[in-house]
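Per-entry structural report
Each chain is listed here by its residues.
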Amino acid sequence: MVYQKRYLDESKGVSVQDLWEDIPMLRGIHGNSERLGYPTQKPEALLERILLTSSNEGDVVLDPFCGCGTTVQVAQKLNRRWIGIDITHLAIGLIKTRLDDAHGPEIRKTYTVIGEPTDVAGAEQLALENKYQFQYWALGLCGARPTEGIKKGADRGIDGRLFFHEAHVSESERGHPARLLPNEVRCY
């Protein structure tokens, strides 16, 4: 067997490092349009680097705990096939909305969601099994997010919120909370 000995001080460039400090975290970046408010969300640039170095176009990428779908979104963007798995309908709704926002509503024809209700009987079954997962699923149908900070059961019928931005507000003002116009979505 032939071996090649390389000396790092004679090599061009910088060897691959195990600490990536050039990709900023999403936490604390105010006004970042990438932020979805999901607690474990990672920056798309991080997943893009990982997928570019570990897969090729057409490969299948598996994310068994896909949360808000950063890996799924980046895999789609990089022409990878993907499988995303999550246990909550909140996560599935976020991923569907995220893909719609990035690729348009036609993207829904290219993937299948397994395990969510597709008819009234399925919706009734989900509501009987877990009323909160039913609530997350229903909110996802209209692109709304669950209310935060309101104790389950004591929310006076407010299950989620859908936010609209004023059209005449500049991009720099969009992140300011006072400029958001909340519309409450009630799902029963």
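Residues numbered from 1 in each chain as written. Predicted model: local features only at pLDDT ≥ 70, side-chain atom pairs only at ≥ 80, totals over all residues. Heavy atoms only, no water.

Points about the overall build of the chain
Counted only if it meets this: Per the convention used, a helix needs a DSSP run of H or I reaching at least four residues, while a strand needs a run of E reaching at least two, with both numbered from the N terminus. Throughout this description, buried means an accessible area under 20% of the type-specific maximum (1.4 Å probe, protein chains only), exposed means over 50%, and partly exposed covers the range between. By the convention used here, residues are in contact when the closest approach between their heavy atoms is within 4.5 Å. Computed with the Shrake-Rupley method and a 1.4 Å probe, the accessible areas treat only the protein chains shown as cover for residues.
When helices and strands are counted, the chain shows six helices and five strands. In the chain, the order of α-helices and β-strands from amino to carboxyl end is α-β-α-β-α-α-α-β-β-α-β. For the chain, the residues scored as buried account for 31% of the 188 residues in total. Relative to all contacts within the chain whose residues are 6 or more apart in sequence, the contacts with residues 24 or more apart total 41%. Total accessible area computed for the chain in this model is approximately 13,500 Å², and 55% of it derives from carbon and sulfur atoms.

Overview of a nonpolar patch on the surface
We count it as follows: Note on patches: the residues involved have over 30% relative accessible area and no salt bridge, like charges join within 9 Å, and the nonpolar side chains Val, Leu, Ile, Met, Phe, Trp and Tyr join within 5 Å. One side-chain nitrogen of Lys or Arg within 4 Å of one carboxyl oxygen of Asp or Glu is enough to make a salt bridge.
Together, V60, L62, I83 and I85 make up a nonpolar patch on the protein surface, roughly 350 Å² of accessible area in all. Locating I83 in the fold gives a position in strand β2 (residues 81–84). Judged by its relative accessible area of 44%, I83 is partly exposed.

Considering the pattern of salt bridges
Following the criterion strictly, the structure yields six salt bridges and no others. Of the charged contacts in the structure, one is a salt bridge between R98 and E44, with a shortest N-O distance of 3.1 Å. Here R98, found in helix α3 (residues 89–103), pairs with E44, found in helix α1 (residues 44–54); they are 54 residues apart in sequence, far enough to count as distant. Neither R98 nor E44 differs from the other in exposure class; each is buried. Among the ionic pairs, K109 bridges to E106, the shortest N-O distance being 2.9 Å. Relative accessible area serves as the criterion here: at 68%, K109 is assigned to the exposed category.

Here's the deal with the environment of G37
Along the chain, the position of G37 falls in the segment before α1. Classification of G37 as exposed rests on a relative accessible area of 53%. Spatially, the C-alpha atom of G37 lies 9.5 Å from that of L26, the residues being eleven residues apart in sequence.

Some thoughts on the side chain of R80
Here is the rule we go by: Asp and Glu count as negative and Lys and Arg as positive, but His and the ends of the chain are not part of the count.
Here R80 lies in the loop between α2 (70–77) and β2. One buried charged residue, R80, remains without a salt bridge, the closest side chain of opposite sign being E57 at 5.0 Å. When sequence neighbours within four positions are dropped, the list of residues in contact with R80 reads L51, L52, S55, N56, E57, G58, D59, V61 and A75.

Section: the packing of aromatic side chains
For clarity, the cut-off: When the centres of two rings from Phe, Tyr and Trp lie within 6.5 Å, Trp using its six-membered ring, the rings pair. Their planes under 30 degrees apart give stacked, over 60 give edge-to-face, and anything left gives tilted.
Scanning all chains against the criterion turns up two aromatic pairs. Relative to Y111, the ring of W82 has its centre 5.6 Å away and its plane inclined at 50°; by these criteria the two rings are tilted. Here Y111 lies in the loop between α3 and α4 (120–129) and W82 lies in strand β2, a separation of 29 residues in the sequence. On the basis of relative accessibility, which here comes to 15%, the residue Y111 falls in the buried class. Ring geometry for F134 and W137: centres 5.6 Å apart, planes at 45°, overall tilted. With F134 and W137 both in helix α5 (residues 131–141), this residue pair falls three residues apart, about one helical turn. Assessed through its relative accessible area of 19%, F134 is described here as buried.

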